[in-house]
Amino acid sequence: MPDLLGDAFERIQDEVDSAFDAFLPVPQDTRARLVEAMRYAAIGGGKRVRPLLVVATAELYGVNRDAAVNAGCAIEAIHAYSLIHDDLPCMDDDELRHGKPTLHRKFDEATAVLAGDCLHALAFDILTQPDTSSDPFVRAELVATLARASGHEGMAGGQMMDIVSEQQAYDLRQITRLQQLKTGALLAASVEMGAVLGRIPPEGRTHLRAYARDIGLAFQIADDLLDVEGDETKAGKALRKDAGQGKQTFVTLMGAEQARAQAEMLVEQAGRHLAGHGEDARLLVELAQFIVRRDH
């Protein structure tokens, strides 16, 4: 039996790396170091879950794959910028990411800040290109979707809540809200943008939003479990930091066994939201299952 998910990951990783290679030619002047840093962060790292979510959703509606990969690269550029900034000494002060030195360790802090800034800008540049969509209204909705998911109402807002959580004891409701923003917002935007490319009106996306909400929480519960139980060699980054910083997580609040059961329940529920698509949604269903069963 073909490995649907494994093949899909392999293909999207190659496509995203090729696209970033084309988006980021190294200039023959003193900006070269900056672009080399951007390439270091964007090429050859990560599983590409978010671009795969964009493409798999878009393909439900017959969207051109190259256009969907472009939108996936925009999301991945935002994700890469957020990791660069998260790893800085003023934030999490991490030394490893994807099994290699973090960008500020490989280059320097100033270059890391600028590389993150430029990847943020690149994301929206990609979404405004006619290659992403020939319809200016679709391009505008893609930009709005990613902007909301990235800023204070999404990922960055969640990061601020996370920073404050070191001084404040959060309950389960607050932790859920934090993670819906910090982790869930970009995952949800990935699914949403696939539907936007497919020109699905907002009222036709309710089931996709429910799927995205469930996998977003399952993803973070799985991350919390990996932080406690995972293998640093496989993860390619430092683990067990949450406990050291005194942060509340799904695992500290629920216990590992209940957290794992909750993640499994969310994944099953996510699959049911897609039942109307039948076999066409199999990749999205398998992706949800991977999110909770991954080991890094």
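Computed from a prediction, not measured in an experiment: that's the story for all the values here.

1. Overview of the overall build of the protein
A tally of regular secondary structure across the protein gives 16 helices and 2 strands. A burial count over the protein gives 51% of its 296 residues as buried. Once local pairs closer than 6 in sequence are excluded, the contacts in the protein between residues at least 24 apart make up 71%. Charge separation in the protein, taken as the distance between the mean sites of 31 positive and 46 negative side-chain charges, equals 1 Å.

2. A closer look at the nonpolar core
Grouped together as the largest cluster of nonpolar side chains are 87 residues, with contacts concentrated most on L53, L119, L146 and Y211. For this core, the leading source of residues is helix α4 (residues 65-87), giving 11 residues. Residue contacts for L146: discarding those within four places in its chain leaves A74, I75, I78, A123, F124, L127, L186 and M193.

3. Details of the packing of aromatic side chains
Summed over the entire model, instances satisfying the criterion amount to 3 aromatic pairs. Between the aromatic rings of F20 and F23, the centroid separation amounts to 6.4 Å while the plane-to-plane angle is 70°, which identifies the pairing as edge-to-face. Of the two residues, F20 and F23 are both situated in helix α1 (residues 4-23); the distance of 3 residues between them amounts to about one turn of the helix. We classify F20 as buried; its relative accessible area is 0%. Overall, F23 belongs to the partly exposed group, its relative accessible area being 28%. Note on Y40 and F107: the rings are 5.7 Å apart at their centroids and 75° apart in plane angle, and the pair reads as edge-to-face. With a gap of 67 residues between them, Y40 in helix α2 (residues 32-42) and F107 in the loop between α5 (103-106) and α6 (109-127) connect regions that are remote in the sequence.

4. With respect to a negative patch on the surface
There is a patch of like negative charges on the surface, built from D3, D7, E10 and D14. Mapping D3 onto the fold places it in the segment before α1. For D3, a relative accessible area of 45% corresponds to the partly exposed category.

5. Examining unusual backbone geometry
What you tend to see is this: most non-glycine residues have negative phi, and most peptide bonds are trans. Phi at R48 is positive, roughly 70°, even though this residue is not glycine. Relative to the helices and strands, R48 is located in the loop between α2 and α3 (49-59). Residue R48 is classed as buried on the basis of its relative accessible area of 3%. A positive phi angle, close to 60°, is found at R199, a residue other than glycine. Positionally, R199 belongs in the loop between α10 (184-197) and α11 (206-229). The exposure class of R199 is exposed, given its relative accessible area of 52%.

6. Section: the environment of M91
Topologically, M91 is positioned in the loop between α4 and β1 (96-97). Sequence separation of M91 and Q159 is 68 residues, and the distance between their C-alpha atoms is 9.6 Å. Filtering out sequence-adjacent residues up to four positions away, M91 remains in contact with H85, D86, Q159 and I163.

7. A look at the pattern of salt bridges
Under the defined criterion, the tally for this structure stands at 21 salt bridges. For D108, the salt bridge goes to R33, with nearest N and O atoms at 2.9 Å. Here D108, found in the loop between α5 and α6, pairs with R33, found in helix α2; they are 75 residues apart in sequence, far enough to count as distant. The class for D108 is partly exposed, based on a relative accessible area of 26%. Classification of R33 as partly exposed rests on a relative accessible area of 39%. Ionic contacts of the salt-bridge type, sharing partners, join the residues R11, E15, E59 and R65 into one network.

Calculation criteria
- Residues numbered from 1 in each chain as written.
- Predicted model: local features only at pLDDT ≥ 70, side-chain atom pairs only at ≥ 80, totals over all residues.
- Heavy atoms only, no water.
- Helix = DSSP H or I, 4+ residues; strand = E, 2+ residues; numbered from the N terminus.
- Buried < 20%, exposed > 50% of the residue type's maximum accessible area, 1.4 Å probe, protein only.
- Contact = heavy atoms within 4.5 Å.
- Lys, Arg positive; Asp, Glu negative; His and termini not counted.
- Charge placed at Lys NZ, Arg CZ, Asp CG, Glu CD.
- Core = buried A, V, L, I, M, F, W, Y, C linked by side-chain atoms within 4.5 Å.
- Phe/Tyr/Trp six-rings, centres within 6.5 Å; stacked < 30°, edge-to-face > 60°.
- Patch = residues over 30% accessible without salt bridge, like charges linked within 9 Å, V, L, I, M, F, W, Y side chains within 5 Å.
- Areas by Shrake-Rupley, 256 points an atom, 1.4 Å probe, with all protein chains shown as cover.
- Salt bridge = Lys/Arg side-chain N within 4 Å of Asp/Glu carboxyl O.

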